[in-house]
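Residue-level structural notes
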Amino acid sequence: MNKTDIKSLTLSEIQAELLQAGQPKYRAIQIFHWLHRGVSCFSEMTDLSKELRYWLDEHYEIAWAVVVEKRESRDGTVKYLFQLNDGECVESVLMHYHHGYSICISTQVGCKMNCSFCATGKSGYSRDLTSSEILSQIQSAQKNQGIKISNVVLMGMGEPLDNFDNVLRFLELVSHPEGMNIGMRHISLSTCGIVNKIYELAEKKLQLTLSVSLHAPNDIIRNQTMPVNQRWNIGELLKACRYYAQKTGRRISFEYAMIHGINDMDWCARELTTRLKGMPVHVNLIPVNDVTGTGYKKSSLERQKRFVDILESGGCTATVRRTLGSDIEASCGQLRRKHEGGKGNES
C-alpha cells in the first residue's frame, strides 16, 4: 500500500487522521513534536505505545534527507548534498553569522528556469520537493552540526514559486509554534520572477522577505541571461513587486549578479536606480559565480564599489554580498552536478 507522507501534514490534519482511526486526539501533538524535532523513524517516538508506533509505520512514512556529501569551508560555511527517500539529491548551504545560523535550502530537484549563470539549471529539472523534503534539509543540517538554525533562505536549487503549493505548506509547517517555530521575518524567499505567483503570494500577506533575482537593468540584458524574462518582462515584474510591497508593507530585496562587461557598467547602475525609484528596496550585489561553460567573469572590487556608490546616490540602499564557501563550491547546483557526473549521469 502507498504510505502517506506524515511530515507534510499539518497538526490539524494529523489530528483528523488519528480520530478517524480511533486514536485519541492528544497523540497528534506528540507525533507532531517528534516529526519537527527531526526523527527519521517511528521507533524514535518513545512516548508512544509500541502498538501505535507499529500502526503509524504501517500507514505512514517519514521523509528524510540523508547526508551523502559534506564540505566545510575555511570560513565555517558547510555545503551539504542530501539524498532523499527516492534517491534524488539536492543541495543546501549552512552559514554562520553573528546573529546565528542561516541555511539556504532547495525547493526542487533541478530547475526549469535555465538562467545562464546558474549551475542548477544545467542539470535539468527532475521534480518538485514536498513540504516535508524542504523541511528535512533544515532538520538534517541541525542534527548533523548539533546546532539550532534561526534563519531560512529559499534560494537553493529550484524556483520556489514554481513549487508554490508545497512551499506555502512548508512555510506553514516551519513557522508553527509547536514545530520549529521559525518566524516569517526570519525567512527569505527568492524568485527569478514568476509574476502571477508574486501577486498570489502578496495576497497571503506573509511577513517573509521577498528576494527577486533581477540581475539586469533592462529587458535586452535580462533576455540574454534569464529566459523567464521572455514570459514576464522587467516592467511587469517590477509592477508586481510594487504591489507586493504595498500589500505586505515589506521591503523588496533585489539580487543582482555582477558580471564583468555584461551588466556592471555605470549606465546599468543609473538605469537600475531609475527603475527602482519610489519602491522600498535593498539591492544585494553578488559577484557572479565561476560556473564552467558560461565564460562569465566577476566584476572587479573597484567596479562593485562604483556600482554601489551610484545606486546609493540615487536613493537605493545597496551592499555587496559577502562571499562565503567559495573554496567548497557553495553555489547551489555545482556539487550535485559533480556527484552525478561521477556516476556518469551528468547532463
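Preceding block: the structure.
Described below are features of the structure shown in this document. A quick note: this is a predicted structure, and the numbers were derived from the prediction, not measured. (Residues numbered from 1 in each chain as written. Predicted model: local features only at pLDDT ≥ 70, side-chain atom pairs only at ≥ 80, totals over all residues. Heavy atoms only, no water.)

1. Section: unusual backbone geometry
Phi is positive for asparagine 114, which is not a glycine, with a value near 55 degrees. You can see asparagine 114 is positioned in the loop between strand E7 (108-110) and strand E8 (125-128). Of note, the phi angle at lysine 205 is positive, near 55 degrees, even though the residue is not glycine. (Helix = DSSP H or I, 4+ residues; strand = E, 2+ residues; numbered from the N terminus.)

2. Considering the pairing of strand E5 (residues 89-97)
For E5, the tally of buried residues reaches 7 of 9 residues, placing the bulk of the element in the interior. Joining the antiparallel neighbours strand E4 (residues 78-83) and E5 is a turn of 5 residues, in which glycine 87 adopts a positive phi near 95 degrees. Strand direction decides the pairing type here: E5 and strand E6 (residues 100-105), joined by 5 bridges, are antiparallel. Across the sheet, the residue bridging to leucine 94 is isoleucine 103, located in E6. Between the end of E5 and the start of E6, which pair antiparallel, lie 2 residues. (Buried < 20%, exposed > 50% of the residue type's maximum accessible area, 1.4 Å probe, protein only. Pairing = 2+ DSSP bridges.)

3. Focus on the side chain of glutamine 137
As for its placement among the helices and strands, glutamine 137 is situated in helix H4 (residues 131-145). Here glutamine 137 falls in the buried class, since its relative accessible area comes to 0%.

4. What to know about the environment of glutamate 236
Considering the arrangement of structural elements, one finds glutamate 236 in helix H8 (residues 234-248). Expressed as a C-alpha distance, the spacing of glutamate 236 and aspartate 162, which sit 74 residues apart in the sequence, is 17 Å. Residues within four places of glutamate 236 in sequence aside, it is in contact with Val195 and Arg231. (Contact = heavy atoms within 4.5 Å.)

5. Digging into the sheet that holds strand E12 (residues 252-258)
With mixed pairing, the 10 strands of this open sheet are ordered in space as E3-E4-E5-E6-E9-E10-E11-E12-E13-E14. Both edges of this open sheet fall to strand E3 (66-72) and strand E14 (317-320), since each of them pairs with a single strand only. Neighbour-to-neighbour, the strand axes of the sheet open up by a mean angle of 25 degrees, direction not taken into account. Direction of pairing for strand E13 (residues 281-287) relative to E14: parallel, over a ladder of 4 bridges. When the bridges of E14 are listed, leucine 285 appears paired with valine 320. Sitting on the sheet, H4 touches E3, E4, E5, E6 and strand E9 (149-154), and the angle it makes with E4 is about 125 degrees. (Axes fitted to C-alpha atoms, helices over the stretch in contact; angles between N-to-C directions.)

6. Thoughts on the pattern of salt bridges
The tally for this structure, following the rule as stated, stands at 12 salt bridges. For lysine 112, the salt bridge identified is with aspartate 162, shortest N-O distance 3.3 Å. Highlighted residues: lysine 112 in the loop between E7 and E8 and aspartate 162 in the loop between E9 and helix H5 (164-174), separated in sequence by 50 residues. The class for lysine 112 is partly exposed, based on a relative accessible area of 46%. We classify aspartate 162 as partly exposed; its relative accessible area is 26%. The partner of lysine 197 in a salt bridge is glutamate 200, and the shortest N-O contact between them spans 3.1 Å. Here lysine 197 pairs with glutamate 200, and both are found in helix H6 (residues 195-204), just 3 residues apart, close to one helical turn. A relative accessible area of 33% places glutamate 200 in the partly exposed class. Look at the salt bridges and you will find they share partners, linking Asp86, Arg127 and Glu133 into a network. (Salt bridge = Lys/Arg side-chain N within 4 Å of Asp/Glu carboxyl O.)

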